Amino acid sequence: MNAVSTFEKYFLSARQNRWYWLFSIFCRTVLAFAFFAAGMVKIVGERFASGLSELHPMGAYLEALHHTGYYYTFIGIAQVAAAMLLLIPRTAALGALLYFPIIVNIWLLSYAVRFEGSYVTSPLMVLANLYLLVWNYDRLRYLLPLKEFSEMGILQKPAKL
């Protein structure tokens, strides 16, 4: 039994578990709410985390980011788009894909500037997003560079050219 088919066996059993399904809905909802709120602040032009002092490295970064103009708004639009995509079941996989690079960037930035405000939340958001990516494996498997295909029916053998 190869690694792909072993993973797919666990994937199929997890997809049939009601509690995993409910947890995926919980993750989608919480992640969407977080990005919608943060994105709307950026879209309307407010400074994100305005109570944070500019003397703090994260405060200085957010102040500089706020002064970038269109880039700041673009980040807000991307966050709101990811949030909306996560809320629609048919587009949740695409939302998780869009969400992932944004939240990983936030996580790395918060650790790089030693921002205590998101030491716990940002890694949990990354883990929740990874859960959603794995939960949507059946939709995202075509993006993975898999050479071996299982016989379970999740992955189909490619047609010969």
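As the structure is a prediction and not an experimental result, all values here were calculated from the model.

Each value, and the rule that gives it
- Residues numbered from 1 in each chain as written.
- Predicted model: local features only at pLDDT ≥ 70, side-chain atom pairs only at ≥ 80, totals over all residues.
- Heavy atoms only, no water.
- Helix = DSSP H or I, 4+ residues; strand = E, 2+ residues; numbered from the N terminus.
- Expected span 1.5 Å × (residues − 1).
- Buried < 20%, exposed > 50% of the residue type's maximum accessible area, 1.4 Å probe, protein only.
- Contact = heavy atoms within 4.5 Å.
- Core = buried A, V, L, I, M, F, W, Y, C linked by side-chain atoms within 4.5 Å.
- Patch = residues over 30% accessible without salt bridge, like charges linked within 9 Å, V, L, I, M, F, W, Y side chains within 5 Å.
- Areas by Shrake-Rupley, 256 points an atom, 1.4 Å probe, with all protein chains shown as cover.
- Salt bridge = Lys/Arg side-chain N within 4 Å of Asp/Glu carboxyl O.
- 1 Å grid on protein atoms, 1.4 Å probe; cavity = no way out; pocket = protein on both sides within 12 Å on 5 of 7 lines; lining within 4 Å.
- Points joined across faces, edges and corners; volume = space filled by probe spheres on them.

(A) Structural detail: helix 1 (residues 3-15). An ideal rise of 1.5 Å per residue puts 18 Å on 13 residues; helix 1 measures up with 18 Å between its terminal C-alpha atoms. Turning to helix 1, its buried residues are Val-4, Ser-5, Glu-8, Phe-11 and Ala-14. If you follow the buried residues of helix 1, they end up packed against helix 2 (18-43), helix 6 (121-135) and helix 7 (137-140).

(B) Highlighting the nonpolar core. Within the largest apolar cluster, 20 residues are counted, with the highest numbers of intra-cluster contacts made by Leu-31, Phe-35, Leu-86, Tyr-99, Ile-103, Met-125 and Leu-132. Taken together, the elements giving at least two residues each to this core come down to helix 2, helix 4 (70-87), helix 5 (92-112) and helix 6. Broken down by element, this core gets its largest block of residues, six residues, from helix 5. Ranked by size, the runner-up nonpolar core spans five residues in total, among them Met-58, Leu-62, Val-113 and Phe-115.

(C) The arrangement of a nonpolar patch on the surface in detail. A contiguous nonpolar patch, built from Phe-36, Met-40, Ile-43, Val-44, Ile-77, Met-84, Leu-87 and Ile-88 and spanning about 670 Å² of accessible area, is present on the exposed surface. Those elements giving two or more residues to the nonpolar patch turn out to be helix 2 and helix 4. Relative to the elements of secondary structure, Met-40 occurs in helix 2.

(D) The arrangement of the layout of surface pockets in detail. There is about 620 Å³ of room inside the largest pocket. What lines the largest pocket is a set of 28 residues, among which Phe-35, Lys-42, Phe-48, Gln-79 and Ile-106 lie closest to the centre. Sorting the residues of the lining of the largest pocket by element identifies helix 2, helix 3 (57-66), helix 4, helix 5 and helix 6 as the ones contributing at least two each. The biggest single contributor to the lining of the largest pocket is helix 5, with six residues.

(E) Geometry of the environment of Gln-79. For Gln-79, the position within the fold is in helix 4. Residue Gln-79 is classed as buried on the basis of its relative accessible area of 2%. Residues Gln-79 and Ile-102, spaced 23 residues apart in sequence, show a C-alpha to C-alpha distance of 7.8 Å. Each residue touching Gln-79, except ones within four places of it in the same chain, is listed here: Phe-35, Ala-38, Gly-39, Lys-42, Ile-102 and Ile-106.

(F) Local environment of the pattern of salt bridges. Under the criterion given, the structure shown has two salt bridges. Among the ionic pairs, Arg-15 bridges to Asp-138, the shortest N-O distance being 3.4 Å. Here Arg-15 is found in helix 1, whereas its partner Asp-138 is found in helix 7, with 123 residues between them in sequence. The exposure class assigned to Arg-15 is partly exposed, which follows from its relative accessible area of 32%. Accessibility expressed as a relative area gives 26% for Asp-138, which makes it partly exposed. Ionic pairing is found between Glu-63 and Arg-47, a salt bridge with its closest N-O pair at 2.7 Å. Here the residue Glu-63 occupies a position in helix 3, and Arg-47 occupies one in the loop between helix 2 and helix 3, the gap between them amounting to 16 residues. The pair formed by Glu-63 and Arg-47 is uniform in burial state, with each residue classed as buried.

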